[in-house]
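Structure assessment
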Amino acid sequence: MTRSDLVEELAARFAQLTHRDAEYAVKTILDAMSDALVRGHRIEIRGFGSFSVNRRPPRVGRNPRSGESVQIPEKRVPHFKPGKALREAVGASKGDGGDAERRAP
């Protein structure tokens with residue numbers, strides 16, 4: 001689902017919202033979430049999941065072309081952890097509860 005799909009779904013579910021209002025609502029929510037993560041805050045949406053910022057320590061990597069060692073600096077990356085309800089809903093919708101199709105020989 002893309003951002004525009006989300007706007008379309010919101011406008012379709014709530015007839016009192018115009019397409020422009022739905023677009024503004026989605027933009028406002030996503031901007032607020034982005035700003036919170038940039039400030040280092042954690043976002044928790046009950047029944048859906050939580051967003052946080054993880055720290056990746058500096059490490060030594062390799063240039064795949066030359067094979068030489070390269071220093072990779074520390075970075076902060078966004079992380080999503082699905083809530084129990086979302087995990088169960090996704091697992092139930094597959095029927096097998098996992099990724100057995102990807103592991104098939």
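Here, every reference points to the structure presented above.
A brief look at the structure comes next. What you are looking at is a predicted structure, and each value in this text was computed from that prediction instead of being measured.

1. Concerning the overall build of the chain
Counting its regular elements, the chain contains four helices and five strands. Sequence-ordered secondary structure for the chain, helices as α and strands as β, is α-α-β-β-β-β-β-α-α. Burial status across the chain gives 14% buried among its 105 residues. At a minimum sequence separation of 6, the contacts of the chain that also span at least 24 residues come to 29%.

2. Things to note about the pattern of salt bridges
This model, assessed by the stated rule, comprises five salt bridges. A salt bridge links Asp31 to Lys27, with the nearest nitrogen and oxygen atoms 2.6 Å apart. In this pair, Asp31 and Lys27 are both assigned in helix α2 (residues 19-38), four residues apart and thus about one turn of the helix distant. What makes Lys27 partly exposed here is its relative accessible area of 41%. We note a salt bridge from Glu44 to Arg42, for which the minimum N-O separation is 3.1 Å. By sharing partners, the salt bridges in this structure join Arg42, Glu44 and Arg46 into a single network.

3. Thoughts on the sheet that holds strand β1 (residues 43-45)
Spatially, β1-β2-β5 is the arrangement adopted by the three strands of the open sheet, whose pairing is antiparallel. Whereas interior strands pair on both sides, the edge strands pair on one side only; in this sheet they are β1 and β5 (75-82). Sheet twist, expressed as the mean angle between neighbouring strand axes with direction ignored, is 25°. Relative to strand β2 (residues 49-56), β1 runs antiparallel, the two sharing three bridges. Within β2, the residue paired with Ile45 across the bridge is Gly49.

4. Points about the packing of aromatic side chains
Summed over all chains, the structure comprises three aromatic pairs. Within the aromatic cluster, the residues linked to one another by ring pairs are Phe48, Phe51 and Phe80.

5. Considering the environment of Leu17
When you line up the elements, Leu17 lands in the loop between α1 (3-13) and α2. Judged by relative accessible area, which is 27%, Leu17 ranks as partly exposed. Apart from the residues within four sequence positions on either side, Leu17 is in contact with Leu10 and Ala11.

Conventions we followed
- Residues numbered from 1 in each chain as written.
- Predicted model: local features only at pLDDT ≥ 70, side-chain atom pairs only at ≥ 80, totals over all residues.
- Heavy atoms only, no water.
- Helix = DSSP H or I, 4+ residues; strand = E, 2+ residues; numbered from the N terminus.
- Buried < 20%, exposed > 50% of the residue type's maximum accessible area, 1.4 Å probe, protein only.
- Contact = heavy atoms within 4.5 Å.
- Salt bridge = Lys/Arg side-chain N within 4 Å of Asp/Glu carboxyl O.
- Pairing = 2+ DSSP bridges.
- Axes fitted to C-alpha atoms, helices over the stretch in contact; angles between N-to-C directions.
- Phe/Tyr/Trp six-rings, centres within 6.5 Å; stacked < 30°, edge-to-face > 60°.

That is the geometry; function is a separate question.
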